[in-house]
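Summary of structural features
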Amino acid sequence: MRHVVVISTGGTIASRWQGDGYAAEAAGQEVLAAGAVPEGVDVRVVDLFTVNSSRLTTDHQLRLLHTVHDVLADPAVDGIVVTHGTDTLEESAFFLDLFHADRRPVVFTGAQKPLDAPDGDAAGNLYDALLTAATGRDIGAVIVFAGQVYAARGTVKQHTVDAHAFGAPDGLPLGRVEFGRVTWGRRRPRPAPLPMPEPGAVPPRVDILTHHSDGDTVLFEASLAAGARGVVVVGTGAGNANPQVAEAVRKATANGVLVAVSTRVAAGAVAPLYTGGGAVDLVAAGGLLAGTLRPGQARIAVLAALLARPVTASGIDGTEGADGTDAADAAATLRDILEAAPQALPASELYLVDGVGK
Ligand code: ASP
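All values derive from a computational prediction rather than experimental measurement.

Parameters at a glance
Residues numbered from 1 in each chain as written. Predicted model: local features only at pLDDT ≥ 70, side-chain atom pairs only at ≥ 80, totals over all residues. Heavy atoms only, no water. Domains from an automatic or database assignment. Contact = heavy atoms within 4.5 Å. Buried area = accessible area lost by both parts, 1.4 Å probe. Salt bridge = Lys/Arg side-chain N within 4 Å of Asp/Glu carboxyl O. Helix = DSSP H or I, 4+ residues; strand = E, 2+ residues; numbered from the N terminus. Near = heavy atom within 4 Å. Polar contact = N/O pair within 3.5 Å; in protein donor to acceptor, adjacent residues only side chain to side chain. Areas by Shrake-Rupley, 256 points an atom, 1.4 Å probe, with all protein chains shown as cover. Nonpolar A, V, L, I, M, F, W, Y, C, P; charged D, E, K, R; others polar.

Digging into the domain arrangement of the chain
Under the domain assignment, the chain is made up of domain 1 (2-185) and domain 2 (206-339). The distance between the C-alpha centroids of domain 1 and domain 2 comes to 30 Å. Contacts between the two partners involve 16 residues from domain 1 and, on the opposite side, 17 residues from domain 2. Buried area between domain 1 and domain 2, both sides added, is near 1300 Å², and the carbon and sulfur share of it is 67%.

Given below as structure tokens:
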């Protein structure tokens, strides 16, 4: 018998009609009852919280991270399934993946249709997630949805309502689930896990600022005034903005604020191609290019770096902080996260090897 723990957090998979719209309300046991449990798998449910995922906070994500850590302290557990709203699922999954230091997987799933829908997708997704959690090894945190297994890193919600909600814009899934078994592609290297954040750590503010034609730095300045320790500049094209934004990035990084540069384009990596406020200048100003990470996951990278290497108020100017860390340590950690190899499979590597990962 394989033992899987299901951690229930809400989302559409736990939502029912409220008279004027849907909202998460069902407990984990009710969600589980929507479908069948694979043969040979035994399930225990942990009800962590019941929210739709656009309402999630870093506190929720830290609670989830610590709960997963506690559950995996039991050697009898073979894997974990997290039921989660799809809106910010890619953020929580990547957050957990960055700290994950265990061979056993954390499998995120959810649904696009609510729990009480007669043609819902909850049952199938849950079944596939349980199967993946029971049998997968060395895959970190993954997203199982619509018959596909995606590495958390690089995966995004790509459709608002379609059952095929997730995709990897710069690669392919790690595997797929069909006819009651998981078929894996070639194993991908996983980067070293970050040190766990201290319990009770105060989450730093990290904002996302999207550039556009006629863009200025009003929101950038407001973000810094609100105490942001990290900022993601979502550039146009391959990560471009304008000279005012480049100057704001220079001032922010000089004050120990981490700046990552992503793009509002749906696929492809950011690259230092253009000056005149482009990525060339954002990098010269201290911004770090986020590779193929889309904005939500670039923000999680900044957040995780700050939690793994806390920057104290005295360390914000780049000097040594009271706890022995400083902004340069956090920036080096962020660089490592951003430069880690993408985990999505290139097309040529999918489904070559059956059974790897078990
Ligand atoms: N709004 C929902 C949520 O993220 C969407 C879903 O779960 O599919 O909680």
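That was the structure; now back to the text.
Things to note about the pattern of salt bridges
On inspection of all chains with the given rule, the structure shows twelve salt bridges. Between arginine 190 and aspartate 97 there is a salt bridge, with its nearest N and O atoms 2.7 Å apart. Taken as a pair, arginine 190 in the loop between strand S12 (181-184) and strand S13 (206-210) and aspartate 97 in helix H3 (residues 89-99) lie far apart in primary sequence, 93 residues in all. In this structure, glutamate 247 engages arginine 250 in a salt bridge whose closest nitrogen and oxygen atoms are separated by 2.7 Å. Highlighted residues: glutamate 247 and arginine 250, both in helix H6 (residues 243-254), separated by three residues, approximately one helical turn.

So, the site of the ligand
If you check the shell around the ligand, you find Gly11, Thr12, Asn52, Ser53, Gly85, Thr86, Asp87, Ala111 and Gln112 and nothing else. Separating an oxygen atom of the ligand from a side-chain N or O atom of asparagine 52 is a distance of 3.2 Å. Within the side chain of serine 53, a nitrogen or oxygen atom sits 2.6 Å from an oxygen atom of the ligand. The fraction of the free accessible surface of the ligand (260 Å²) that becomes covered by protein chains is 88%. Split by residue class, the shell around the ligand holds one nonpolar, seven polar and one charged.

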